[in-house]
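Close look at the chain arrangement
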Amino acid sequence: MPAFDNNETAETVIGNSMNSLRKIVDRPCLLVNKLNVRKKRIWHVPRPEANAVCSSEFVPFSSHSSDLSFIKISLLSERITAYLESCSSGSSNSQKRVTPEIIMSSEIIAPSLAEQRRIGAFFDRLDSLITLHQRKYCGVVSWMLGVALVRLSSEK
C-alpha cells in the first residue's frame, strides 16, 4: 500500500526484502484494497510490468467483458463504499477488512461496453487533469516557500 499512497507509483524492490505475502499481477486489472475500504484505494494497472506483484491486502480484479476504468469509477462510488464498509469486520476501525468474495459480489449497474469505455475514458482524462493541476500547485507552493525563505534569510 505504500506504493499506492505514493501517487500510485510502483516500487521496484528485491523479492526477499518484502516482509508480507504478495500476489502476482500478470494482466490488466484493478487492485481493490480490502483493508479500510473507506479510504477508497483502487489502483488501475493497465499494463503490469514483468514480475509485478501486489500486497495481499489488494484483490486483483480483471475482466474481458467490462471496461476497468468504468468499473473503478463505479467501485469508488459512495453507494459501493458504504456497502463494503457495512460488510467489513475487524478488531478496530483501523483494521477492518472485507473479503474478496464481498468485493466480487458488489453489484454494479453497467451500460453497454461501448458506453462503459466512453465513461471510463472521460474519468481517466479528468483524473489526469486533476493530478496535473495538483502537481503544478505543489510546484508553485514550493517555489513561493523558497522565495520566502530566501527573503527571510537576507533580512537577518
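Residues numbered from 1 in each chain as written. Predicted model: local features only at pLDDT ≥ 70, side-chain atom pairs only at ≥ 80, totals over all residues. Heavy atoms only, no water.

Regarding unusual backbone geometry
Defined as follows: Secondary structure is summarised from DSSP: a helix means a run of H or I of at least four residues, a strand means a run of E of at least two, and numbering begins at the N terminus for each. Note on classification: 1.4 Å probe, protein chains only; a residue is buried when its accessible area is under 20% of the maximum for its type, exposed when over 50%, partly exposed between these limits.
At Asn-36, a residue that is not glycine, the phi angle is positive and equals roughly 50 degrees. When you line up the elements, Asn-36 lands in the loop between β2 (29–33) and β3 (42–45). Classification of Asn-36 as buried rests on a relative accessible area of 6%. Within the chain, Asn-51 stands out as a residue other than glycine whose phi angle is a positive 65 degrees. With respect to the helices and strands, Asn-51 occurs in the loop between β3 and β4 (53–55).

Quick notes on the packing of aromatic side chains
Aromatic rings considered in pairs are described by the distance between their centres and by the relative angle of their planes. Cut-off, in case you're wondering: Classification of ring pairs rests on two measures: the distance between centres of Phe, Tyr or Trp rings, Trp counted by its six-membered ring, which must be within 6.5 Å, and the angle between planes, read as stacked under 30 degrees, edge-to-face over 60 and tilted in between.
Considering all chains together, one arrives at 1 aromatic pair under this definition. Measuring from ring centre to ring centre gives 5.1 Å for Phe-122 and Phe-123, while their planes differ by 85 degrees; the resulting arrangement is edge-to-face.

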